[in-house]
Amino acid sequence: MCVDFSRRATDSPARLKFFCLFLTLLVCVSAPARSGEKKRFALYAMLLETLPVDLADGAQWMMDKGDTFPVIMFKDEQTKIMLQLAGTSFIIETKRVKVIEEKDLKAGELASYRRNVQTYIDTRADQWKKRATEGK
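Below or above, wherever it landed, is the structure these notes cover. (Residues numbered from 1 in each chain as written. Predicted model: local features only at pLDDT ≥ 70, side-chain atom pairs only at ≥ 80, totals over all residues. Heavy atoms only, no water.)

1. Focus on the overall build of the protein
Consideration 1: Broken down by element type, the protein carries 2 helices and 7 strands.
Consideration 2: When burial is assessed residue by residue, the protein has 26% of its 136 residues classed as buried.
Consideration 3: Counting contacts in the protein only where the partners sit at least 6 residues apart, residues at least 24 apart contribute 52% of the total.
Consideration 4: Split by element, the accessible area of the protein, about 10600 Å² in all, is 57% carbon and sulfur. (Helix = DSSP H or I, 4+ residues; strand = E, 2+ residues; numbered from the N terminus. Buried < 20%, exposed > 50% of the residue type's maximum accessible area, 1.4 Å probe, protein only. Contact = heavy atoms within 4.5 Å. Areas by Shrake-Rupley, 256 points an atom, 1.4 Å probe, with all protein chains shown as cover.)

2. Describing the pairing of strand S3 (residues 60-63)
Consideration 1: With burial as the criterion, only one face of S3 is covered, namely that bearing Trp61 and Met63; the residues Gln60 and Met62 on the opposite face remain uncovered.
Consideration 2: Note that strand S2 (residues 51-54) and S3 share 4 bridges and pair antiparallel. Residue pairing in the sheet places Pro52 in a bridge with Met62 of S3.
Consideration 3: Count of turn residues in the S2/S3 antiparallel hairpin: 5 residues, of which Gly58 carries a positive phi of about 100 degrees. (Pairing = 2+ DSSP bridges.)

3. Concerning the pattern of salt bridges
Where charged atoms from two side chains of opposite charge come close, those side chains can pair.
Consideration 1: Tallied over the full model, the rule gives 5 salt bridges.
Consideration 2: Taking the shortest distance from any N to any O, the salt bridge between Glu49 and Arg96 comes out at 3.1 Å. Taken together, the residues Glu49 in the loop between strand S1 (43-47) and S2 and Arg96 in the loop between strand S6 (88-93) and strand S7 (97-101) connect sequence positions 47 residues apart.
Consideration 3: By relative accessible area, Glu49 is classed as partly exposed at 33%.
Consideration 4: Between Asp57 and Arg124 there is a salt bridge whose closest N-O contact spans 3.6 Å. With Asp57 in the loop between S2 and S3 and Arg124 in helix H2 (residues 107-134), the pair connects residues that are 67 residues apart, well separated along the chain. (Salt bridge = Lys/Arg side-chain N within 4 Å of Asp/Glu carboxyl O.)

4. What about the nonpolar core?
Taken as a class, soluble globular proteins show a tendency for nonpolar side chains to be buried jointly.
Consideration 1: In terms of nonpolar packing, the biggest core is built from 20 residues, with Leu55, Met63, Leu83, Leu85, Phe90 and Ile92 touching the most fellow members.
Consideration 2: If you list the elements that add at least two residues to this core, you get S1, S2, S3, strand S4 (68-75), strand S5 (80-85), S6 and H2.
Consideration 3: When residues no more than four places from it in sequence are discounted, the contact partners of Leu55 are Trp61, Met63, Leu85, Thr88, Ser89, Phe90 and Tyr120.
Consideration 4: One finds Ala42, Tyr44, Ile100 and Leu105 within the second-largest nonpolar core, a separate group that totals 5 residues. (Core = buried A, V, L, I, M, F, W, Y, C linked by side-chain atoms within 4.5 Å.)

Now the structure itself:
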């Protein structure tokens, strides 16, 4: 009985090359299909009561009932929530806010956030100007 290994030895590399080519082609074709437009998902939180907060930059502010802020993250097993105000943040209890998806956000709630951001920026600018004039 005689076994011819020469045909099998030359056939395997050809199959391997074909398989690698097919796999590469499959990856190249499927990559653009998967990389479609990513959906943005954002949460906002509306305050249910007026309360004082300590901002991360050391400032203390009084936030009004109905003010709305973007959610940065939940903390302590979702008992606390970190909210954003311009370039700073603050943490309050989750029970003091109503969480809203961005798609359900009303124009008035978004205007509330923009108004708070503008007030924060103006206040910080005034503080920096005051410090600059005191230093002269």
